[in-house]
Amino acid sequence: MSRVLVSGGCGFIGSHLVRRLVREHPDLEVVNIDLLTYAGRPENVADLADEPRYAFVHGDIANADDVARAAEGCDGIINVAAESHVDRSIMGGDEFVTTNVLGTKRLLDHARAHGLRYLQVSTDEVYGDVEAPHRSVETDPLHGSSPYAASKAAGDLLVLSYARTYGLNASITRGSNTYGPYQFPEKLIPLFTTNAFDGKELPLYGDGMQVREMLFVEDHCAAIDLVYHHGAAGEAYNVGAEHEVPNIETAHRIIELTGADPASLVRVADRPGHDRRYALDCAKLRALGWERRTDFDTGLARTVEWFRENRAWWEAITSGEAYADYSAKNYGARG
Ligand code: NAD
Ligand code: TYD
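The rules behind these values
Residues numbered from 1 in each chain as written. Chains lettered and ligands numbered in written order. Predicted model: local features only at pLDDT ≥ 70, side-chain atom pairs only at ≥ 80, totals over all residues. Heavy atoms only, no water. Pairing = 2+ DSSP bridges. Helix = DSSP H or I, 4+ residues; strand = E, 2+ residues; numbered from the N terminus. Axes fitted to C-alpha atoms, helices over the stretch in contact; angles between N-to-C directions. Contact = heavy atoms within 4.5 Å. Near = heavy atom within 4 Å. Polar contact = N/O pair within 3.5 Å; in protein donor to acceptor, adjacent residues only side chain to side chain. Areas by Shrake-Rupley, 256 points an atom, 1.4 Å probe, with all protein chains shown as cover. Nonpolar A, V, L, I, M, F, W, Y, C, P; charged D, E, K, R; others polar. Phe/Tyr/Trp six-rings, centres within 6.5 Å; stacked < 30°, edge-to-face > 60°. Buried < 20%, exposed > 50% of the residue type's maximum accessible area, 1.4 Å probe, protein only.

Caption draft 1: The arrangement of the sheet that holds strand β4 (residues 76–79) in detail. What the 7 strands build is an open sheet, ordered β3-β2-β1-β4-β5-β6-β11; its pairing is parallel. The open sheet has two free edges, formed respectively by β3 (54–58) and β11 (236–239), since each of these has just one partner strand. Direction aside, neighbouring strands of the sheet carry axes that sit 20 degrees apart on average. Summarising the sheet, strand β1 (residues 2–7) and strand β2 (residues 28–34) pair through 6 bridges and their orientation is parallel. Along β2, the bridge assignment pairs V6 with N32. Lying over the sheet, helix α5 (residues 147–166) contacts β5 (117–123) and β6 (170–175), oriented at roughly 155 degrees with respect to β5. Along the sheet, helix α7 (residues 217–230) makes contact with β1, β4, β5, β6 and β11, crossing β5 at roughly 150 degrees.

As structure tokens, then:
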């Protein structure tokens with residue numbers, strides 16, 4: 001039996017990953033350390049409550065004692081935890097550096113001290129925006145545009161430095177925009193879907209021609225699982241959908257799938273520093289044996305259906321005061 005520490009397992013991608021690891025690897029125990037921030041929802045992994053190979057530790061990855069307590073007996077760490085929302089990072093909070101940089105260092109220090117395998121879950125945003133027809137390759141320079149992207153790039157550089165300086169067995173995945181069930185309803189797809197169900201406006205930033213690669217969460221988690229088990233030390237692996245979609249097209253598809261009024265799509269002031277296009281070359285990951293299984297049409301239809309059937313899950317969030325405060329702060333100033 002081996003044991004892995006997954007951070008951020010009560011968040012969106014982390015909850016899918018924890019579930020996948022328990023299901024796909026009968027010889028693996030999974031410990032989930034999560035601080036339960038606004039984005040951490042214990043109900044995302046409620047189905048694992050009686051699973052003997054799963055344990056939850058309430059803790060902060062930026063706190064060395066919490067990390068040591070959670071990582072006891074582990075052979076490896078997958079760092080999924082992060083402050084993950086670009087718009088929140090633009091509001092200027094310190095937590096992006098505390099969690100995404102210092103938290104990464106704490107986990108790396110523990111992995112180094114105990115000789116653990118380490119995987120950092122990162123993002124295509126570390127490359128900044130790229131002009132067509134280029135697709136980012138893993139050796140491209142890092143140019144994060146937002147404070148979020150900069151903090152993730154800092155995390156990546158720390159991981160690479162630990163691999164080189166200390167010989168740590170560490171790898172990185174850089175995933176593109178991910179969507180699916182349990183995504184916190186501040187991000188584009190769940191925000192527009194839940195707003196559409198509630199008859200609210202869908203606020204499109206700027207001209208809506210920003211291009212993203214929308215990746216279904218199960219495909220992303222399959223890549224993380226693969227790279228954790230088979231990736232090479234000191235290497236990063238892009239994880240993209242290899243299918244580019246402008247935001248305005250994503251919005252139109254959500255309108256079709258939900259039956260919302262097309263007039264609910266409104267243009268609002270653009271995000272400062274907004275990246276125009278991300279695109280990833282995933283040849284390196286494919287050479288390891290990964291392929292995308294869920295195309296955007298299928299994945300989006302499944303996701304919209306999930307939100308239709310799980311109104312109680314997202315209403316518990318969207319009806320709260322914290323969500324209203326965030327929405328007023330982010331959208332109030334956009335006009
Ligand atoms: P999320 O915001 O849904 O979840 C983050 C989780 O981390 C939450 O459960 C939160 O409570 C936990 N957390 C935050 N700070 C913590 C701390 N200090 N200690 C312990 N736990 C803490 O995020 P997500 O969308 O699932 O993203 C997960 C990871 O994947 C992030 O590292 C993100 O950078 C990366 N990523 C996300 C996307 C995407 O589109 N969502 C794309 C590529 C990469
Ligand atoms: P988001 O889901 O926040 O992910 P990221 O910033 O990590 O790419 O945003 C995805 C895209 O959608 C991004 O180009 C910004 C845009 N967007 C809107 O147009 N309106 C919105 O209300 C939100 C939240 C995002």
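Caption draft 2: Molecular detail of the site of ligand 1. Surveying the vicinity of ligand 1 reveals 30 residues, the closest of which are I13, D34, S84, Y148 and K152. The contact in question runs from an oxygen atom of ligand 1 to an N or O atom on the backbone of F12, over 3.1 Å. The contact in question runs from a nitrogen atom of ligand 1 to an N or O atom on the side chain of T99, over 3.0 Å. Computed on the free molecule, ligand 1 has an accessible area of 840 Å², of which 96% lies beneath the protein chains in the complex.

Caption draft 3: Spatial organisation of unusual backbone geometry. The omega torsion across A132 and P133 is 5 degrees, close enough to zero to call that bond cis. The residue P133 is located in the loop between β5 and α5 in this model. Even without being a glycine, L36 presents a positive backbone phi close to 55 degrees. Inspection of the secondary structure puts L36 in the loop between β2 and β3.

Caption draft 4: Structural context of the site of ligand 2. Surrounding ligand 2, one finds 19 residues, the nearest of these being E125, P203, R271, H274 and Y331. Within the side chain of N177, a nitrogen or oxygen atom sits 2.8 Å from an oxygen atom of ligand 2. Within the contact set of ligand 2, an oxygen atom lies 2.5 Å away from a side-chain nitrogen or oxygen of R271. When ligand 2 is considered free in solution it has 510 Å² of accessible area, and contact with the protein chains removes 96% of it. When contributions to the shell around ligand 2 are tallied by element, the ones reaching two or more residues are α3 (86–90), α6 (188–197) and β8 (202–205). Across the shell around ligand 2, the residue classes tally to 8 nonpolar, 5 polar and 6 charged.

Caption draft 5: Spotlight on the packing of aromatic side chains. Applying the stated criterion to the full structure yields 11 aromatic pairs. Ring geometry for Y205 and Y331: centres 6.3 Å apart, planes at 40 degrees, overall tilted. Taken as a pair, Y205 in strand β8 and Y331 in helix α12 (residues 321–332) lie far apart in primary sequence, 126 residues in all. Taken as a pair, Y205 and Y331 share a single burial class, namely buried. Ring geometry for F307 against W313: centres 6.1 Å apart, planes inclined by 75 degrees, an arrangement best described as edge-to-face.

Caption draft 6: Looking closely at the environment of D295. Structurally, D295 is set in the loop between α9 (283–287) and α10 (296–309). What makes D295 partly exposed here is its relative accessible area of 35%. Residues D295 and K187 lie 108 residues apart in sequence; the distance between their C-alpha atoms is 20 Å. A distance of 2.6 Å separates a polar atom in the side chain of D295 from a polar atom in the side chain of T298.

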